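Examining the three-dimensional arrangement
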Amino acid sequence: MKKKILYVSSLCSEKVLNYLFESSKSKPEQAVQKFHRLLTTGFALHKDKCSVEVLSSLPIVPSNHDKKVWNLRKEELDNITFNYIPMINIKFIKNIGIFFYTFFKIIFWSLTNRNEDKVIICDVLNVSIASASLFASKISSLKIITIVTDLPGLMVTNVKKKNSILKNIYTKIAIYVLHKFDGYILLTIQMNEIVNPYNKPYMIMEGLVDLNMKGAVNNLENKNEIKTVIYAGGLYKKYGVGNLINAFRKISNPNIKLYLYGSGEMVPEMQSITKSDFRIVYKGMVPNKEVVNEQLKATLLINPRPSTEEFTKYSFPSKNMEYMVSGTPMITTKLKGMPDEYLEYVYVFEDESEEGMHRTLVQILSKDKDELHNYGLKAKHFVLSKKNNLIQAERILNFTEKI
């Protein structure tokens, strides 16, 4: 019997995401969308084993979009059905409405598929849909698994905000809900002791890459004429971006550029940073496809996230997977949550100080271009053969049988 999957998250189709990207005051988080899209696409490729239906809470809040009433039509694309939760985009009313709609939608879905082999897979970081999904699953005796891509309260975007009563209530609810699922899909083994105190079934999936990247051409002929280093992600000092910029400034070679993509607390500083060093270019927040295309043409990709930060035990940056599958070599820090099997395929900042990062950048950038290129292609082969979305979706399907 084919398994029916109800995938509850903020995932929306690329058409809807493009509309939100163009019309929102602040852009939707693309890494989250890409993660869930790759996974649901992986399930859809196993059409003989499962069918997947997405129940989506659109990734908008009152402060970033002026449109108040949302009621998008159902979409069916590439063996994935998208159902969008109707909502009124007004503070508090939005969350209450999403909670009740999700709750009753899951009850109805359970009754409609009464005699089917079925499971709910839920993104725990959206508290409204996660709590509604959990309560509905208990009433309906449905198996429910959560994907934990970050820990409530430890996300940088939360940590940097001032404490507030609402934030504390949100975190407490999120943690309560987090402990009640039937199974867990985690990015690092260290997450398990935090999210799974009752020792429920769990599996580790650091991330996944797009199987279609097999066809993405990365060759020396198409590389940028000037050596190019790229960082794409959150522009936060806590992510090591300030150290990276300062380390790059110490490089004397005028024929190397640093491209920065993304948004975050450091955006207001970008104008002065780029004025002080013409080699540093801030590209802003652009569609992920554009970033991926630039990664194929770059010399080196960077993730400077400090390994000393507590939160690095509980995260595996999706940018690492995206970097590796591009075929362009990357330098990363030795993150606590990164399994040793990756170390054969990435360069590492052994010394994470500004001076240490500078020395590593100079050393790697001085390597022969063929050596660099082959190293990047070796990483691409590794993640495509071991971590592609078809394989990871099958692992999860097998895991659901143990719940």
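Data block above holds the structure.
Attention here is on the structure that accompanies the text. Quantities reported herein were computed from a predicted structural model and do not represent experimental measurements.

Procedures and definitions
- Residues numbered from 1 in each chain as written.
- Predicted model: local features only at pLDDT ≥ 70, side-chain atom pairs only at ≥ 80, totals over all residues.
- Heavy atoms only, no water.
- Pairing = 2+ DSSP bridges.
- Helix = DSSP H or I, 4+ residues; strand = E, 2+ residues; numbered from the N terminus.
- Contact = heavy atoms within 4.5 Å.
- Axes fitted to C-alpha atoms, helices over the stretch in contact; angles between N-to-C directions.
- Patch = residues over 30% accessible without salt bridge, like charges linked within 9 Å, V, L, I, M, F, W, Y side chains within 5 Å.
- Areas by Shrake-Rupley, 256 points an atom, 1.4 Å probe, with all protein chains shown as cover.
- Salt bridge = Lys/Arg side-chain N within 4 Å of Asp/Glu carboxyl O.
- Buried < 20%, exposed > 50% of the residue type's maximum accessible area, 1.4 Å probe, protein only.
- Expected span 1.5 Å × (residues − 1).
- Arc of directions from axis to C-beta.
- Polar contact = N/O pair within 3.5 Å; in protein donor to acceptor, adjacent residues only side chain to side chain.
- Phe/Tyr/Trp six-rings, centres within 6.5 Å; stacked < 30°, edge-to-face > 60°.
- Parallel < 35°, antiparallel > 145°, perpendicular 65-115°, else oblique.
- Left-handed = near helix turned anticlockwise from the far one by under 90°.
- Nonpolar A, V, L, I, M, F, W, Y, C, P; charged D, E, K, R; others polar.

1. With respect to the sheet that holds strand β14 (residues 300-303)
- Taking strand neighbours across the sheet as the criterion, the six strands line up as β13-β12-β11-β14-β15-β16 in an open arrangement whose pairing is parallel. In this open sheet, the two edge strands, each paired with only one partner strand, are β13 (280-284) and β16 (347-348).
- One ladder, built from two bridges, connects strand β11 (residues 227-232) with β14; its direction is parallel. In the strand pairing of β14, Val229 is matched with Leu300.
- Contacts between helix α10 (residues 288-297) and the sheet are confined to β11, β12 (256-261) and β14, with β11 contributing the most and set at about 145° to the helix.

2. So, a nonpolar patch on the surface
- A grouping of Phe92, Ile96, Phe100, Phe104, Ile165, Leu166, Ile169 and Ile173 is seen on the molecular surface, where their side chains present a nonpolar patch of about 840 Å² in accessible area.
- Among the secondary structure elements, those contributing two or more residues to the nonpolar patch are α3 (93-112) and α6 (165-178).
- With four residues, the single largest contributor to the nonpolar patch is α6.
- Here Ile169 shows up in helix α6.

3. Thoughts on the environment of Arg37
- Structurally, the position occupied by Arg37 is in helix α2 (residues 30-45).
- Non-local contacts of Arg37, meaning those with residues more than four positions away in its chain, are made with Leu11, Cys12, Ser13, Glu14 and Leu17.

4. A look at unusual backbone geometry
- At Asn79, a position not held by glycine, the phi torsion is positive, near 70°.
- With respect to the helices and strands, Asn79 occurs in the loop between β4 (75-77) and β5 (80-84).
- Of note in the backbone geometry, Ser141 takes a positive phi value of approximately 60° without being a glycine.
- A relative accessible area of 67% places Ser141 in the exposed class.

5. A look at α3
- For α3, spanning 20 residues, the distance from its first C-alpha to its last is 28 Å, which sits close to the expected 28 Å at 1.5 Å a residue.
- All of the buried residues in α3 are Lys94, Ile98, Thr102, Phe103, Ile106, Ile107, Trp109 and Ser110.
- Buried positions along α3 lie against β1 (3-9), β2 (50-56), β6 (87-88), β7 (117-123) and α4 (127-140).

6. Considering helix α14 (residues 389-400)
- Taking 1.5 Å per residue as the helical rise, α14 with its 12 residues ought to reach 16 Å, and the 16 Å between its terminal C-alpha atoms agrees with that figure.
- The complete set of buried residues in α14 reads Asn389, Gln392, Ala393, Ile396, Leu397, Phe399 and Thr400. Considered in projection along α14, the buried side chains sweep an arc of 160° and stay on one side of the axis.
- Measuring from the side-chain oxygen of the N-cap residue of α14 to the backbone nitrogen of Leu390 gives 2.9 Å; that N-cap residue is Asn388.

7. Some words on the packing of aromatic side chains
- Within the structure shown, the criterion is met by 12 aromatic pairs.
- Ring centres of Phe103 and Phe104 lie 5.1 Å apart, and the angle between their planes is 90°; this geometry places the pair in the edge-to-face category.
- Note on Tyr342 and Phe382: the rings are 5.4 Å apart at their centroids and 90° apart in plane angle, and the pair reads as edge-to-face. Of this pair, Tyr342 sits in the loop between β15 (330-332) and β16 while Phe382 sits in helix α13 (residues 369-386); the two residues are 40 residues apart in sequence, bridging distant segments of the chain. The pair Tyr342 / Phe382 is uniform in exposure class, with both members buried.
- Members of the aromatic cluster, each reached through a chain of ring pairs, are Phe316, Tyr342, Tyr345 and Phe382.

8. Structural notes on the sheet that holds β7
- Strand order in the open sheet made by the eight strands is β4-β5-β2-β1-β7-β8-β9-β10, with mixed pairing throughout. The strands lining the two open edges of the sheet, one partner per strand, are β4 and β10 (202-204). Adjacent strand axes in the sheet meet at a mean angle of 20°, parallel and antiparallel pairs treated alike.
- Bridge count for β4 against β5 is three bridges, and the pairing is antiparallel. Bridging from a neighbouring strand, Leu77 pairs with Ile80 of β5.
- α4 contacts β1, β7 and β8 (144-148) of the sheet and is inclined by roughly 155° relative to β7.

9. Describing the packing of α3 against α4
- As a packed pair, α3 and α4 sit with axes 8 Å apart at the nearest point and diverge in direction by 30°. Overall, the two elements α3 and α4 adopt an arrangement that is roughly parallel. α3 and α4 meet at a crossing whose hand is right-handed. Listed contacts from α4 to Asn95, Ile98, Phe99, Thr102, Phe103, Ile106, Ile107 and Ser110 of α3 are Ser128, Ile129, Ser131, Ala132, Ser133, Phe135, Ala136, Ile139 and Ser140.
- Looking at the contact of α3 with α4 residue by residue, the class counts come to 10 nonpolar, seven polar and no charged.

10. Things to note about the side chain of Ser307
- Within the secondary structure, Ser307 sits in the loop between β14 and α11 (318-326).
- Here Ser307 falls in the buried class, since its relative accessible area comes to 13%.
- A distance of 2.5 Å separates a polar atom in the side chain of Ser307 from a polar atom in the side chain of Glu352.
- The contact partners of Ser307, leaving out residues within four places of it in the chain, are Thr312, Thr333, Lys334, Leu335, Lys336 and Glu352.

None of this, on its own, says anything about what the molecule does.
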